[in-house]
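In case you want the letters, here they are:
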Amino acid sequence: MNHSPQAPGLGGPARPAITPRTPVSVVMPVRNEERHLEEAVLHVLAQEYPAPVEVVLAVGPSRDRTGEIAQRLAGADSRVTVVANPSGRIPAAVNAAIKVSRYPIIARVDGHALVPAGYLRQAVTTLQETGADNVGGIMAAEGGTPFEEAVAWAMTSKAGVGGARFHTGGRAGPVDSVYLGVYRRTTIEQVGGYDEAYQVAEDWEMNHRIRLSGGLVWFQPKLRVTYRPRASVTALGTQYFRYGRWRRVVARQHAGTINLRYLAPPITVLAVLAGALAGLAGAVVGPGWLMAGFIVPAAYLGGVLAVAALAARDTPARVVARIPLVLPTMHMCWGTGFLTSPRSLIPGANRPRKMSASAETPRS
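Residues numbered from 1 in each chain as written. Predicted model: local features only at pLDDT ≥ 70, side-chain atom pairs only at ≥ 80, totals over all residues. Heavy atoms only, no water.

Overview of the side chain of D203
To keep things clear, this is the line we draw: A run of H or I in DSSP becomes a helix once it reaches four residues, and a run of E becomes a strand once it reaches two; helices and strands are each numbered from the N terminus. Between buried and exposed lies partly exposed: a residue is buried under 20% and exposed over 50% of the maximum accessible area for its type, with that area taken using a 1.4 Å probe on protein chains only. By the counting scheme adopted, Arg and Lys are positive, Glu and Asp are negative, and His together with the chain ends is not counted. The working definition used for a salt bridge is a side-chain nitrogen of Lys or Arg within 4 Å of a carboxyl oxygen of Asp or Glu.
Here D203 shows up in helix 9 (residues 202-212). Buried and unpaired, D203 has no salt bridge, with R108 as the nearest side chain of opposite charge at 4.6 Å.

Below you can see the structure in the form of structure tokens.
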């Protein structure tokens, strides 16, 4: 494939030019995705895009029929390829898929994400117009059950996840990170790919390295990807506990990347716990004034109920009834994960990322 040179990226040599007809490799890390995988892949294959699109499924060890479905999809359409991801980790899966992919643009899509028909066209146009190294849009959470709808509401509300634009929307422009991402292959090569030591927050961490190297990460609100939320309190709590735990890893490894939005959940956990313990101590052994500590958890609960009451103006009652369960689950599990994140999770400084730039030249 011959491409005219474009402005240098990340301080390196000239990059291949991006045009509206540049082929795209869609890489999908999948594990235990029996419920949504086929629908997610079919959404990619149905893209309204005027150039070749391939899908590479990196399949991890699954407890369901994910592997069988992936092989069936590959057998039915030559645009689909399956590679193994023995570790089951997302960064290793994406790196493995990139290694066997062929095209100059790499689009990451998850096995439970549904991309609209014009997604790749808009993403490639944005790459071309902005010169960005990675573009992404809104994680448009949509639930199928009342609980999932409540989670979706919380994931698109500042009360649930703060002000990240890929959750709540906003103007197009430079950002720290985006949901999923459509990358220039040369950018991924220059920063060494995804860090395979990470289990969560791997996209935020790689986008941070892209920005440190002089690259541009761009938020495009016209890109909306349907996301299917967790279906139970246990699954949601586990998800957000891991988010908090690994966001602390990023903060330790990359100084200066933490801000008040990330500190709000752990501060809330500490305040609620301290208030509850003080109140219990006052009630059991005295002095009685310590019972005033109960004001803190009561105030937090009152705030959650107030948010639910505001949501009731334009949200079905079946969803509002579950918001007081969903919000504390997200806040407390994220905060607890952040506070209890052990230093042993921090990747070692000398470990390989397992993806060399020289090995990732696109095939013609």
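Right, picking up where we left off after that structure.
Here's the deal with the environment of A306
Topologically, A306 is positioned in helix 12 (residues 295-311). For the pair formed by A306 and P324, sequence separation is 18 residues and the distance between their alpha carbons is 9.5 Å.

Here's the deal with the nonpolar core
Formally: Residues grouped as a nonpolar core are buried Ala, Val, Leu, Ile, Met, Phe, Trp, Tyr and Cys residues, joined through side-chain atoms within 4.5 Å.
With 74 residues, the main nonpolar core has V26, M28, L37 and L57 as its most contacted residues. V56, I106, V191 and I210 belong to the second-largest nonpolar core, a separate cluster that totals 21 residues.

Some details on the packing of helix 10 (residues 233-253) against helix 14 (residues 323-340)
Angle between the axes and distance between the axes: these two values describe a pair of packed helices. Going by this rule: Working convention: axes come from line fits to C-alpha atoms, limited for helices to the stretch in contact. Angles between N-to-C directions cover 0 to 180 degrees. The hand of a helix crossing depends on one turn: near helix anticlockwise from the far one by less than a right angle means left-handed, and clockwise means right-handed. It only takes one pair of heavy atoms within 4.5 Å for two residues to be counted as in contact. Side-chain classes are defined by residue name, with Ala, Val, Leu, Ile, Met, Phe, Trp, Tyr, Cys and Pro counting as nonpolar, Asp, Glu, Lys and Arg as charged, and the others, Gly among them, as polar.
Put simply, helix 10 and helix 14 touch, their axes get as near as 6 Å, and they point 35° apart. Here the hand of the crossing between helix 10 and helix 14 comes out right-handed. Between helix 10 and helix 14, the residues in contact are V233, L236, G237, Y240, F241, Y243, G244, R245, R247 and R248 and L325, V326, T329, M330, C333, W334, T336, G337, F338, L339 and T340, respectively. Across the contact of helix 10 with helix 14, the residue classes break down as twelve nonpolar, six polar and three charged.

Considering unusual backbone geometry
A positive phi angle, close to 55°, is found at N32, a residue other than glycine. Relative to the elements of secondary structure, N32 occurs in the loop between strand 3 (24-30) and helix 1 (37-45). The phi dihedral of A201 falls on the positive side, at around 70°, and the residue is not glycine. One can find A201 in the loop between helix 8 (185-191) and helix 9.

Concerning the environment of V24
Turning to its location among the elements, V24 is positioned in strand 3. The sequence separation of V24 and A51 amounts to 27 residues, and the corresponding C-alpha distance is 7.7 Å. Ignoring anything within four residues of it in the chain, the contact list for V24 reads Y49, P52, V53, E54, Y103, I105, A107, L120 and V124.

Considerations on the pattern of salt bridges
Per the counting criterion, the structure on display carries twelve salt bridges. Between E68 and R65 there is a salt bridge, with its nearest N and O atoms 3.5 Å apart. According to the relative accessible area criterion, E68 is partly exposed, its value standing at 49%. The class of R65 is partly exposed, set by a relative accessible area of 37%. For E149, the salt bridge is made with R318, and the minimal N-O distance between the two is 3.2 Å. With a gap of 169 residues between them, E149 in helix 5 (residues 146-155) and R318 in helix 13 (residues 317-320) connect regions that are remote in the sequence. The exposure class of E149 is partly exposed, given its relative accessible area of 21%. Of the residues examined, R318 reaches a relative accessible area of 42% and is grouped as partly exposed. Here the salt bridges share partners, and the residues they tie into one network are E34, R65 and E68.

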